[in-house]
Each structure stands twice: as structure tokens, then as C-alpha cells.
Amino acid sequence: RIYPLMRVTLTTSDGASVTVSRQLTKHSGFIEKAITDMAVDDNAVPLSAVAVDVDDATLKLVIEWLTEHRDDALPYPEKTDEERRADDIPAWDQAFVQKWDTKEDQQQTLYAVITAADKLDIKGLLDMTCKTLANKINGKTVEEMREILQLECDFTEEELAEIRKENAWCEN
Amino acid sequence: QLLISEMASTMLPTELWERILSFCDHPSTCALSKVCQRLDAIVTSRNERVLNKCRSEGITLPADAILAHCLGNADLPLDARLLLAHNPFGCCIFPSTSTVRGFNVGDNEGRQTFLRNEEMEKGTIEFTLDYESIGIPRWIVDGIRPKAITMAGSIQSCRTSP
């Protein structure tokens, strides 16, 4: 049973401590496991000591999302590949992510939150951020994708020639 | 310790990329495979895993030649993962998908003639299938046409050899 008034202190990889309600942390499979299985003292969960590298800035965003979604049903309804869609992000979540677009490192923030959601096992946040990245990619050309993801083309000339050859008939 | 400003898409592990891909449409997934070698490997691996699952569950798949062609072309809306739940063919479209190596393209109102490679030495066995009547869309026939012409050339040389 979850006691909503119970508080949990999380210590980030850069040494900051944040105390939050158990009502929020119940959505994190990792934190719940840490509390129940790992016998942490005084409900203090040192994130860095248990191989979760989440910094203070990222954790604040995670907590902001958890606060909005504190009443979401548990367990999180997992969908099969065939049922997944990227166009059903709730309005609050869309606005939450759009706020990062004004930040210089908005793409890095997205990667950091995706990674944190995965490490902390917060499935709702993980799906929402993965959908956000998928929506940035969907419908883009290969060159645009490289720009968005900041990736270099590392194919050899021979491999590129092969790709062009394979696609020549349908691109003409 | 990693700071947000140091995060990059290259740091996302394969499992996370696979989750992201599960929300991408088929043309975008195909395009992603052309971005860099790592994404190409992730997309290819994912497609192969879905196809293996289809096979292990006894789902009828199109011939490998058609699948390989469709999976490599973003313009063709055949998605490997959708084959599992929504096999678009719903029936066995080839006498044996493992032995079909090529086919002739005939202009007989949409009917195509398939050749079974295993029978080449004894003489060619031909199969005539009406694609459209068994639900294979026209774009697939159009999509495999260049390959078919190449294969038809090699089959012709088999026929004429002593």
C-alpha cells in the first residue's frame, strides 16, 4: 500500500537533494523498488549510488511531470507495437515539452529526460518523450533527420552508392 | 556525471531507439536507416526480429524478395511490424517462399508467372498467380518489377544452357 503523505528524499548525481511525496514516486518503478526492496534508510534514495545518473535539472523536470500526473492510473497501460501512436500526447504534456524549445539545449534536454524516465522506470513519461522525438523525426528527409539528431553520415562512398542504386527506380 | 548540455542522440541506448522507432511511421523508419550506420543496424535488427516472430507464429509472409525490397524503400507502405498483427496477404502467395528465386514479368492482365529455382535442373515449373484476386496490391507488383526483369534475364540463361 502507498501512503501519500510519506516523503521520499532523492539525491541526484550532482549532489542535490529533493524531497517529494510518495504519491509522486509511486509512478517510478525504480524508486518504488529502491524503497521496498533495497531497504534504504529513512526513505532516502541516492540516485547516483544505484547507477542512475540523473542530475538536478533533469530531476526537476521529471518531478514537474510527475506532479501533473500524480493521479494517473497504475499500472501504466503498456501497448503493443501495433497499438502505438505518436499523435495522442495530452495538451499539458505538449506544452511542457514546448517550453524546452526556447532553451538552447532543448534537444539535449529531451534526451536527458528520455534517459531519466527510462532509468527511473517512469513509463508514462518515457512514452511521452519518445513520442515527442518520433514526432520531430516523422516526415523528415534523411538530411533533416541528421540535422535534428546532430548525427554525421558515416556510410562509406560504396554504401551510399548502394543505397542510391537500391532506391533509384522509385526516386525517379 | 553527464550534464544535460552533454547529452547527444548517440548516447541513447539501442533499447530506447527501438521504443522511439515504435512511434515512427514506416517511411520515416526507412529514412532513419539511411542516417548513419548505427541507426541502420537498429532498424534492420528490429525488422528482422519482427519477421522472425511472424515466422515462429506461423504467419504467412510475402517472399523474401518482396520483403527485402519493400523494407528498403520508404515510398512503399509495407511495414514489417504490421505484418505480425495485420498480415496483408492472409494466404500463402507462393508455392514455397524459400525456393522462389525469380519470376518472369508477363503482360497478361496482371497475371505473373513464377519459377521455382529448385526445379531448374529438371525443367522449369511455372506457376501463374493472379495477384489482385488474392489481395496483393498493385504497388507491390510494380515495386518488384526491376528485380524481376534482372531475374528473368538470369533464368533465361539457365534455360538456354545445355
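Residues numbered from 1 in each chain as written. Chains lettered and ligands numbered in written order. Predicted model: local features only at pLDDT ≥ 70, side-chain atom pairs only at ≥ 80, totals over all residues. Heavy atoms only, no water.

1. With respect to the overall build of chain A
When you go through chain A residue by residue, the secondary structure sums to 8 helices and 3 strands. Tracing chain A from N to C terminus, the helices and strands come up as β-β-α-α-β-α-α-α-α-α-α. By sequence separation, contacts in chain A at least 24 residues apart represent 60% of the contacts at least 6 residues apart. Looking at chain A as shown, the accessible area adds up to about 9,300 Å², and 50% of this sits on carbon and sulfur atoms. (Helix = DSSP H or I, 4+ residues; strand = E, 2+ residues; numbered from the N terminus. Contact = heavy atoms within 4.5 Å. Areas by Shrake-Rupley, 256 points an atom, 1.4 Å probe, with all protein chains shown as cover.)

2. Some words on the overall build of chain B
What chain B contains, in helices and strands, is 6 helices and 3 strands. If you list the helices and strands of chain B from N to C, you get α-α-α-α-α-β-β-β-α. Expressed as a percentage of its 162 residues, the buried residues of chain B come to 47%. Of the contacts made within chain B by residues no fewer than 6 positions apart, 54% connect residues no fewer than 24 positions apart. (Buried < 20%, exposed > 50% of the residue type's maximum accessible area, 1.4 Å probe, protein only.)

3. What to know about helix α1 (residues 14-21) of chain B
The buried fraction of α1 of chain B is high, at 6 of 8 residues. On its buried face, α1 of chain B is in contact with α5 (106-119), α6 (123-137) and α7 (142-149) of chain A together with α2 (26-32) and α3 (37-56) of chain B.

4. Regarding unusual backbone geometry
All names here are of chain A. Geometrically, the link from Leu74 to Pro75 is a cis peptide bond, its omega value of 0° lying close to zero. In this structure, Pro75 sits in the loop between α3 (56-68) and α4 (91-98). Positive phi outside glycine occurs at Asp121, with the angle close to 55°. Looking at the secondary structure, you find Asp121 in the loop between α5 and α6. At Gln150, a position not held by glycine, the phi torsion is positive, near 55°. Tracing the backbone shows Gln150 in the loop between α7 and α8 (157-171).

5. What to know about α7 of chain A
Along α7 of chain A, the residues classified as buried are Met145, Arg146 and Leu149 of chain A. Take α7 of chain A and look down its axis: the buried residues cluster within an arc of 100°, on one side only. Turned more than 90 degrees away from the buried face of α7 of chain A, the exposed residues are Glu143 and Glu147 of chain A. In the core, the buried residues of α7 of chain A are packed alongside α5 and α6 of chain A together with α1, α2 and α3 of chain B. In the segment just after α7 of chain A, Gln150 of chain A is the residue with positive phi, at about 55°. (Arc of directions from axis to C-beta.)

6. Section: the pairing of strand β1 (residues 7-11) of chain A
Across a regular strand the side chains alternate sides, sitting on one face of the sheet and then on the other. All names here are of chain A. Taking every second residue as pointing to the same face, the buried face of β1 carries Val8 and Leu10, while none of Arg7, Thr9 and Thr11 on the other face is buried. The pairing of β1 with strand β2 (residues 17-21) spans 5 bridges and is classified as antiparallel. Of the residues in β2, the one forming a bridge with Thr9 is Thr19. Once β1 ends, the chain turns through 5 residues before running back antiparallel as β2, passing Gly15 with a positive phi of about 90°. (Pairing = 2+ DSSP bridges.)

7. Focus: the packing of aromatic side chains
Residues and elements named next belong to chain A. Per the counting criterion, the structure on display carries 2 aromatic pairs over all chains. A ring pair is formed by Trp92 and Phe96, whose centres lie 5.0 Å apart and whose planes are at 15°; its orientation type is stacked. With Trp92 and Phe96 both in helix α4, this residue pair falls 4 residues apart, about one helical turn. Ring centres of Phe96 and Trp100 lie 5.3 Å apart, and the angle between their planes is 70°; this geometry places the pair in the edge-to-face category. Since its relative accessible area comes to 2%, Phe96 is described here as buried. Feature note: the residues Trp92, Phe96 and Trp100 constitute an aromatic cluster, connected by ring pairs. (Phe/Tyr/Trp six-rings, centres within 6.5 Å; stacked < 30°, edge-to-face > 60°.)

8. What to know about the domain arrangement of chain A
Residues and elements named next belong to chain A. Assigned domains of chain A: these are domain 1 (7-77 + 90-138) and domain 2 (140-172). Between domain 1 and domain 2, the residue contacts involve 8 residues of the former and 5 residues of the latter. The junction of domain 1 with domain 2 conceals about 520 Å² of combined surface from both sides, 50% of it contributed by carbon and sulfur atoms. Broken down residue by residue, the surface that domain 1 buries against domain 2 is led by Tyr111, Lys136 and Ile137, which jointly contribute 64%. Run the count over domain 1 and domain 2 and you get 0 salt bridges. Taken together, the connections running from domain 1 to domain 2 amount to 3 residue pairs in polar contact (both at pLDDT 80 or more). Looking at the side of domain 1 that touches domain 2, the elements that each hand over two or more residues are α5 and α6. (Domains from an automatic or database assignment. Buried area = accessible area lost by both parts, 1.4 Å probe. Salt bridge = Lys/Arg side-chain N within 4 Å of Asp/Glu carboxyl O. Polar contact = N/O pair within 3.5 Å; in protein donor to acceptor, adjacent residues only side chain to side chain.)

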